[in-house]
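Structure at a glance
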Amino acid sequence: MTAQPFTATITGSPRIGPRRELKRATEGYWAGRTSRSELESVAASLRRDAWSSLVAAGLDSVPVNTFSYYDLMLDTAVMLGALPPRVHDVPDELDRYFAAARGTEDIAPLEMTKWFDTNYHYLVPEISPATRFTLNPAKVVAELKEALQQGIPARPVIIGPITFLLLSKAVDGAGAPIDRIDELIPVYCELLSLLADAGAAWVQFDEPVLVTDISADAPVLAQRVYSALGSVPARPAIHVATYFGDPGEALPALARTPVEAIGVDLVAGATAAVAAVPELAGKTLVAGIVDGRNVWRTDLEAALSRLATLLGSVGSLAVSTSCSTLHVPYTLAFETELDDNLRSWLAFGAEKVREVVTLARALRDGREAVAAEIAASNAAVASRRSDPRLRNEQVRARIDAILAAGIQRGPSAQRRATQNARLHLPPLPTTTIGSYPQTPEIRKTRAAFRAGEIDEAEYVRRMKAEIAAVIALQERLGLDVLVHGEPERNDMVQYFAEQLDGFVATQNGWVQSYGSRCVRPPILYGDVARPHPMTVEWITYAQSLTDKPVKGMLTGPVTILAWSFVRDDQPLADTAYQIALAIRDETIDLQSAGIGIIQVDEPALRELLPLRRAAQDDYLRWAVGAFRLATSGVSDSTQIHTHLCYSEFGEVIGAIADLDADVTSIEAARSHMEVLDDLNAAGFANSVGPGVYDIHSPRVPSTEEIAASLRAALQAVPPQRLWVNPDCGLKTRTAEEVTASLRNMVAAAAKVRSEAA
Ligand code: GLN
Ligand code: ZN
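Bear in mind the structure is a predicted one, so any value in this text is a computation, not a measurement. (Residues numbered from 1 in each chain as written. Chains lettered and ligands numbered in written order. Predicted model: local features only at pLDDT ≥ 70, side-chain atom pairs only at ≥ 80, totals over all residues. Heavy atoms only, no water.)

Here's the deal with the coordination of the zinc ion (ligand 2)
Taken together, the protein ligands of the zinc ion (ligand 2) are His-643 (NE2), Cys-645 (SG) and Cys-728 (SG), with distances of 2.0 to 2.1 Å. If you look at the zinc ion (ligand 2), its four donor atoms make angles of 83 to 126° with each other, and the shape they trace is irregular. In primary-sequence terms, the residues that donate to the zinc ion (ligand 2) follow H-x1-C-x82-C. Highlighted residues: His-643 in strand β19 (residues 639-644) and Cys-728 in the loop between α26 (703-716) and α27 (735-756), separated in sequence by 85 residues. (Donors = N, O, S within 2.8 Å, 3.2 Å for Na, K, Ca; no water. Tetrahedral: all angles 85-135°; square planar, octahedral: opposite > 155°, others 65-115°. Helix = DSSP H or I, 4+ residues; strand = E, 2+ residues; numbered from the N terminus.)

Here it is, written out as structure tokens:
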């Protein structure tokens, strides 16, 4: 190929817009408020602005086709003719696309799941025996031409065939999707020719799956697929991007194919791995040295020395981000409330592009050419290292002392006996997961408080009124263990982050979670400490209104870690233990205030699981340790609950037993209680509340169907250990749905209780 190697790029970029313009436009379109042409013009101007700012910053190759109305895996399914047949009857193309993404009244959407170990969710393509792969290149070709017309050095980005198939799911009795790789190769070959005709000099195939252990054959597949794509005559130069980890054996395998460039994530992987592959001497190495998924400023000095060690091992070196900047906010420019020190430690999307360009310039023109940038970076490194907020010796000493004394509670059977004597619950006790509907009034009150329209006293008064209403409702329904309903929490992580030292919130740090949904993760920059109790006032108020036990609700250390941007200057485990200490102090304060049941939610336990098996045991060890540190400060008569939001436990099932919570609620409504057998097999002997209905749907389950689930659960778990609850929090449902569903749930529990008696 004759394409010039590029020197400065990024792997991909966000698309929601710096002010979430795309969110407003798509949601407006779905609601019928925004016309098709308005939506398209918002999209086109977001693309134009994104591309031109990347060129202005100095990139010499710009990723395109990273725009999406919803998700790139879905775009790829469309491109390959692999949409499920149930959407085929939707006549309009864009509406068909949205039907696959979101469903309609009569069409179920594609399933959604986490993109590797990030908080982004992709849509899972369905491959059935009837799927016939055919090329539908309209979107990528249009985006390429649009960019070229604007003079952009455009490099179309496409999810590669291995990643596409390994992340798809087989339906209707089909075999593993990856077995159809030979049908997909010719489609990708055809695409390469078309892109060359349309004027592409380079094309990027994303193959993050090569850094995982999802398929042991991945290196062999990589060599097969890219040898085939590499032999297409008259094609663009090919860049294969791996990211989120070390490609391991896939790196030499790719290097033996005719592709021109290979991308590696040097934030997650090692420089040494590159030096060990002699075939890279003939390739462009796209060095992902600027962290694309965390918010810290790059230490330019350190980055330059790492890049320098690679120069001798590769044909040419391009500087890039470790992965798409989709995972970080757009720009620091909107953050006006950060103190100067903290601000100097950070780099969001736009700042990361400047770092890439600076590093590429240093490689080309020498260090002196970027002396000012290096000086600024060194100053930031020094300021971060010496900031007193990064070390709280008291917190560190307390953790050491607690770990030395042990984080083991009393034997679980003994705990159960003392808790039973204290709580007097019936067999099959009924409860909920924590939140009650977040009504428009609750949201308005929170917004008014933030905007300073109501004072704190008025805010507290309204929240307490809401808590009183939720307690009264639960008493009317006859639930056994009540909750306060979480009205004061905008988000289960942000609520705690706002009250803990060591965290800072952003004003506009939005990142896409899925589709039009965005989240604003807090930044965890220093040692975590709890200056004051965080939940005690709300929970004790709720408890003062009822004779039934009220369960205190906390978010667990791993989940707080997983849904924040976390400091990168110490092991994650150390940070997790610090959060755990704050939660532990909160459990002790709740206990002292007379609360007998405390739930510590860990819905993200599985999410942080490392992609490579070799690293998983170590992770599970500290994740379990953090949970135990958080929950072992209370006496045996205080009942600890936890909640996990999924039912396919896989590798984490043993860890769930190790958490040693007295009661674990899990999602099971959609997996028909099979999960209980898995838990038994893992030696789990504490109490369990398999969700008896699916809160993700507006449907109200009947008493009989819940009773049937409970009878099924009783096949696996004795009545003394079985709890009755929905499968997750109720905040997204309406008051009517919740009341009707819980009424049936309580009736079903009573019925099955009397059958068992
Ligand atoms: N306690 C939280 C709630 O009920 C748990 C949410 C979750 O599992 N993600 O909303
Ligand atoms: Zn949940």
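The structure having been displayed, the exposition proceeds.
Digging into the pairing of strand β20 (residues 663-666)
Neither face of β20 is exposed, since Val-663 and Ser-665 on one face and Thr-664 and Ile-666 on the opposite face are all buried. Relative to β20, β19 runs parallel, the two being bridged by four bridges. By the bridge assignment for β20, Leu-644 is matched with Ile-666. Handedness of the β19-helix α24 (residues 653-659)-β20 crossover: right-handed. When β20 meets strand β21 (residues 687-690), the two strands line up parallel, connected through four bridges. Bridging across to β21, Ser-665 finds its partner in Gly-689. (Buried < 20%, exposed > 50% of the residue type's maximum accessible area, 1.4 Å probe, protein only. Pairing = 2+ DSSP bridges. Right-handed = clockwise from strand over helix to strand, strands pointing away.)

Side note on the packing of aromatic side chains
Within this structure, the stated rule accounts for 17 aromatic pairs. Judged by centre distance (6.1 Å) and plane angle (45°), the rings of Trp-30 and Tyr-70 are tilted. With Trp-30 in helix α1 (residues 21-30) and Tyr-70 in the loop between β1 (62-64) and α3 (72-79), the pair connects residues that are 40 residues apart, well separated along the chain. In this structure Tyr-70 comes out as buried when scored by relative accessible area, which is 6%. Ring centres of Phe-67 and Tyr-69 lie 5.2 Å apart, and the angle between their planes is 85°; on these two criteria the pair is classed as edge-to-face. Look at Phe-67 and you get buried, because its relative accessible area is 5%. Tyr-69 sits in the buried class, given a relative accessible area of 18%. The structure contains a cluster of three or more aromatic residues connected by ring pairs, namely Tyr-29, Trp-30, Phe-67, Tyr-69, Tyr-70, Tyr-97 and Phe-98. One cation-aromatic arrangement involves Arg-19 over Phe-334; the distance from NZ or CZ to the ring centre is 3.7 Å. (Phe/Tyr/Trp six-rings, centres within 6.5 Å; stacked < 30°, edge-to-face > 60°. Lys NZ or Arg CZ within 6 Å of the ring centre and 35° of its normal.)

Topic: the UniProt feature "binding site: L-homocysteine" (unreviewed entry) in the protein chain
The positions that UniProt labels "binding site: L-homocysteine" (unreviewed entry) are, in the present scheme, Ile-433, Gly-434, Ser-435, Glu-486 and Asp-601. A maximum C-alpha distance of 12.9 Å is found for the annotated residues, which run over 169 residues; spatially they form one tight group. Along the chain, Gly-434 turns up in the loop between α16 (412-423) and α17 (440-450). Overall, the relative accessible area of 0% leaves Gly-434 in the buried class. Leaving out residues up to four positions away in the same chain, Gly-434 has contacts with Val-483, Gly-485, Glu-486 and Met-553. Along the chain, the position of Ser-435 falls in the loop between α16 and α17. In this view, Ser-435 contacts Gly-485, Glu-486, Gly-729, Leu-730 and Lys-731; residues no more than four positions away in its chain are not counted. (UniProt positions renumbered as here; feature names shortened; annotations may be inferred. Contact = heavy atoms within 4.5 Å.)

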